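Given next are the chains, with one letter for each unit.
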Amino acid sequence: MRQKYENESQYHCFSPFRFWGGILPFLFLFSLGAQPNPQKTNENTTGKPTAEVNGGEEAKGILIKGKKESDRTTLNDVEGTNIYSGKKNEVIRVEKTNANLAMNNTRQVYAKVPGISIWENEGSGIQPGIGARGLSPNRNWEFNTRMNGYDISSDVFGYPEVYFNPPMESLEKIEIVRGAGALQYGPQFGGMVNYVTKKAETNQPFKVETKNTAGSYNTLNSFTAVSGSVGNFSYYVFAQGRSADGWRDNARYNTQVGHINLAYQVNEKLKVSLELSKSQYESQQPGGLTDMQFWENPRQSGRTRNWFSAPWNVPALVLDYNQSSSARFNLKIFGLYGERNSVGLVSAPNVSDSINARTLTFGARQVDRDWYRNYGMEARQIFDYSLLDKTHTFSFGVRYFNGNTDRMRNPNGTTGTGYDLRETNFTNVCFDGSRNCRVVDLEFSTLNYAGFFENLFRITDKLSITPGARYEWLRSTASGRINERQPTGTQPFGGIVRPQELVKRQVLYGIGVQYQVTKSTNFYGNYSRAFRPVIYQELYAPSGNINDIDPNLKDQTGYNADAGYRGKIAQWLQFDLAVFELRYNNRVGLLPGTLPGQNNLQTNVGDSLHRGTEVYVEVDPLAAIQESTPFGSVSFYTSSSNINARYIRWEDPRVLTDISNAQNFYRVGRLVENAPSQIHRYGLTYHFKNLFSISYQISYTGKAYSDALNTTLPTANGQIGLIPEYTVRDMTFVWNITEKYALRGGINNLTNEKYFTRRAGGYPGPGILPGDGIFYFLGLSAVL
């Protein structure tokens, strides 16, 4: 039975459009009278394509110029073979941020990107975990996550979790394109995140960059990069190693990451690059906590034998061909060869891991392993053309992807305490008569073909419209065994999963509009369709018990819409004020069986609607008074988001079958799980010339719920309940001692806030996963 959201006034009581309606006109009028110095801007104001304005160079994005370089900017209207006009986007210039880059501190790195929610359940920085606009931060799985423009997730459709986080010290910038990125990069609701590594040194054959950092809990981090150019050949290579005992008990880790980029300029038009990234780590998992355990001591751990690792190998071949000043072609051929490995006890935190009195050993640990073998190709072309006395830009491309995943689970691992993935035999006789069958032994595949186009129409010198469309063809297969055993009367195939194949076809479309108000400010708006196909986890949850799958399970569909006003005023104000709406239809969830002994049902449970504001404002008051001062500069920023994400439709047969408890099964009007309604980050940065800078940041995240019922009182195992609001403070400084040597240090979680961002239902919990406490760090870097 479908339940509609009948009380619309309850949802519409929060109106970000009305809230910011009074502020946008003020900034608009003020910007008209505060033009930047025309002698200091080279931005494209002609309405012509970038190649004509800058002699083949692309127009620059909105960037504050002055005594200090901004660590936040936007993408150009056209970059490479991509069009970004009319799209909400942010660029984080990583090296310019005052952040703990050695630890990949996401809270600081993404500080000036409003609306980013973060799972901060591990201080190692090994795995990313960000979401936006009320979407889950679970290992970036609502984003299309890339590095240098190609995929690095497990399977962009089948299993879009990301287990590889490039070292922030190796990055030049991070590009974030919100939901509008669905047309160019794929249909994820969150949009696209692209990590861009540093480039080779072009002015000398050999350059060395080294950074060494020490911190609390025996943290040691070492990063070294070498680069250079010799003739037409260039290279950039880095290696990073980091180890620590961790803030919590039983949380030590060791990670190594390496990357190599070799490039050859064949001629003036053609450049060929070969890249390889490799990551390897072992991380001890302290497990989750109950609420009582957390408030007693969040650093405690009841798991001494849980471990996780994810070897990751990402090769890529990139070809750039500049056919002319107005036409470019890009080809990327990429692959991923990786694993996801975990071993440990996965029972609730109120169940102790104790030694058996009879055997004098621990119980067997559960072993879970995935193997990923992916390869793909993306080809993109862009060119300018003339129509009606205007020059316009057309971009199109095609994509091929082939992903293969093997997944296994065996609850009979070893009884030891170290990282050990060996399996022991079952006592049951398996389908083939042996005694080494597994609880889960599955194979998945994904085959994807896609094509897209976008056209940037320059209607006037100020107004541009960019429509586009994308076609996706997707085939997903699943086969293998669950709870394998010899055939019986009730299970004649001995746990063999009947091979399944799903074929999906989807057409996406969207349109963006941009109006250039001044040379450095513009209005923008965008509407884009998005979808997320049924993924592996929704077909077969990685557990010992198989769930019933709804044969009419539908893909998740919806849209992203946003509009805003962004830019800079003179050299003292930078801003981006936006409103958004996101519709997420046919969300997939798990409904308990309605009859005794009945399996749980994996099905579409309803729709959610997400509305809110995203505000970024940064002010340098000294620059507003005079162009330069002997005292340096001081900037204040706010990066804030208000989000109202609620269920507006809910399907649950128990509403009819269990009338007495119907209200307990009804979710319409409830807040979406893991979607805090407020995320505010404020900061102050002082710069003195190019010698010294120091930043102080306050991060506030409002309360959220871990389930769709919005349960406030926690369960005994800590898996369900309220996630309280919290405030974390960070301080970081950078001192450039000379042109070659610099110190970077600071304190994360300055006030030692006790908080958590996640209640896990399974690994790496289950239970509450605390955020790290106070952390000191100091590092020395050198460029030689």
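Residues numbered from 1 in each chain as written. Predicted model: local features only at pLDDT ≥ 70, side-chain atom pairs only at ≥ 80, totals over all residues. Heavy atoms only, no water.

**Describing the overall build of the protein chain**
Looking only at helices and strands, one finds 10 helices and 39 strands in the protein chain. Counting across all 784 residues of the protein chain, residues that qualify as buried make up 58%. Within the protein chain, counting contacts between residues at least 6 apart in sequence, those at least 24 apart form 69% of the total. Entry remark: accessible area of the protein chain is about 31,100 Å², with carbon and sulfur atoms responsible for 56%. (Helix = DSSP H or I, 4+ residues; strand = E, 2+ residues; numbered from the N terminus. Buried < 20%, exposed > 50% of the residue type's maximum accessible area, 1.4 Å probe, protein only. Contact = heavy atoms within 4.5 Å. Areas by Shrake-Rupley, 256 points an atom, 1.4 Å probe, with all protein chains shown as cover.)

**Digging into the packing of aromatic side chains**
Taken as a whole, this structure holds 29 aromatic pairs when the rule is applied. Ring geometry for Phe294 and Trp295: centres 4.8 Å apart, planes at 75 degrees, overall edge-to-face. In this structure Phe294 comes out as buried when scored by relative accessible area, which is 0%. Site record: aromatic cluster; members linked through ring pairs are Tyr159, Tyr163, Tyr281, Phe308, Trp312, Tyr372 and Tyr763. Over the ring of Tyr159 we find Arg407; its NZ or CZ atom is 4.9 Å from the centre of that ring. The side chain of Arg587 reaches across the aromatic face of Tyr584, ending 4.7 Å from its centre. (Phe/Tyr/Trp six-rings, centres within 6.5 Å; stacked < 30°, edge-to-face > 60°. Lys NZ or Arg CZ within 6 Å of the ring centre and 35° of its normal.)

**Quick word on the nonpolar core**
In this structure, Tyr110, Ile174 and Tyr195 are the most contacted members of the largest nonpolar core, which totals 48 residues. Among residues more than four places away in sequence, those in contact with Tyr110 are Ile92, Ile116, Ile130, Ile174, Ile176, Val193, Tyr195 and Arg681. Within the second largest apolar cluster, 12 residues are counted, among which are Phe580, Ile643, Ala645 and Tyr666. (Core = buried A, V, L, I, M, F, W, Y, C linked by side-chain atoms within 4.5 Å.)

**Remarks on empty space enclosed by the protein**
Evaluation of the coordinates by the stated rule reveals 13 cavities of 30 Å³ or more. Put simply, the largest cavity is a space of about 790 Å³. Along the walls of the largest cavity sit 47 residues, with Asn121, Glu122, Gly123, Ser124 and Gly125 positioned nearest its centre. Element by element, the count of residues in the lining of the largest cavity is highest for strand β16 (residues 270-284), at 3 residues. Classifying every residue of the lining of the largest cavity by side-chain character gives 19 nonpolar, 21 polar and 7 charged. (1 Å grid on protein atoms, 1.4 Å probe; cavity = no way out; pocket = protein on both sides within 12 Å on 5 of 7 lines; lining within 4 Å. Points joined across faces, edges and corners; volume = space filled by probe spheres on them. Nonpolar A, V, L, I, M, F, W, Y, C, P; charged D, E, K, R; others polar.)

**What to know about the sheet that holds strand β8 (residues 143-147)**
Taken in spatial order, the 6 strands line up as β2-β5-β10-β11-β8-β9 in an open sheet, and their pairing is mixed. Each edge of the open sheet carries a strand with a single partner, namely β2 (72-73) and β9 (150-151). As judged from the 5 bridges shared by β8 and strand β11 (residues 191-197), these two strands associate in the parallel manner. Its bridge partner being in β11, Arg146 is matched across the sheet by Asn194. (Pairing = 2+ DSSP bridges.)

**A short note on the environment of Gly131**
Here Gly131 is to be found in strand β7 (residues 130-132). As for Gly131 and Gly190, which are separated by 59 residues in sequence, their C-alpha atoms are 7.0 Å apart. Apart from the residues lying within four places of it in its own chain, the contact partners of Gly131 are Gly115, Ile116, Ser117, Ser136, Pro137 and Phe143.

**Digging into the pairing of β8**
With respect to burial, β8 is a largely interior element, 5 of its 5 residues being buried. Relative to β9, β8 runs antiparallel, the two being bridged by 2 bridges. Paired with Met147 across the bridge in β9 is Tyr150. Where β8 hands over to β9, the hairpin turn is made up of 2 residues, of which Asn148 adopts a positive phi near 55 degrees.

**Quick look at the confidence of the model for the protein chain**
Across the protein chain, the average pLDDT comes to 86, with 84% of residues at or above 70. When the criterion is pLDDT under 50, residues 33-67 qualifies, and its contacts beyond four places in sequence or with other chains add up to 81 contacts. (pLDDT = per-residue confidence, 0-100.)

**Looking at unusual backbone geometry**
Between Gly765 and Pro766 the backbone carries a cis peptide bond, its omega angle lying at 0 degrees. Counting through the fold element by element, Pro766 comes out in the loop between β37 (756-760) and β38 (767-770). Positive phi, close to 65 degrees, is recorded for Asn140, a residue that is not glycine. Looking at where Asn140 falls in the secondary structure, it is placed in the loop between β7 and β8. Classification of Asn140 by relative accessible area gives buried; the value is 0%. Positive phi, close to 50 degrees, is recorded for Ala570, a residue that is not glycine. Looking at where Ala570 falls in the secondary structure, it is placed in the loop between β27 (556-569) and β28 (573-591).

**Structural notes on the environment of Ala132**
Looking at the element boundaries, Ala132 is found in strand β7. Classification of Ala132 as buried rests on a relative accessible area of 2%. If we ignore the near neighbours within four places in the chain, the residues touching Ala132 are Gly115, Ile116, Ser117, Phe143 and Arg178.

**Some details on the side chain of Ser273**
Position of Ser273 relative to the elements: it lies in strand β16. On the basis of relative accessible area, Ser273 is assigned to the buried category, the value being 7%. With residues near it in sequence (within four places) discarded, Ser273 still touches Asn261, Leu262, Ala263, Ala316, Leu317 and Val318.

**Some points on a nonpolar patch on the surface**
A cluster of nonpolar side chains, namely Trp735, Ile737, Tyr741, Leu780 and Leu784, defines an oily patch on the protein surface of about 480 Å² accessible area. Considering the arrangement of structural elements, one finds Tyr741 in strand β36 (residues 741-748). For Tyr741, a relative accessible area of 38% translates into the label partly exposed. (Patch = residues over 30% accessible without salt bridge, like charges linked within 9 Å, V, L, I, M, F, W, Y side chains within 5 Å. Salt bridge = Lys/Arg side-chain N within 4 Å of Asp/Glu carboxyl O.)

**Digging into the environment of Gly525**
Along the polypeptide, Gly525 turns up in strand β25 (residues 521-532). With 14 residues separating them along the chain, Gly525 and Ile511 place their C-alpha atoms 8.4 Å apart. Among residues more than four places away in sequence, those in contact with Gly525 are Gly86, Ile511, Gly512, Val513, Asp562 and Ala563.

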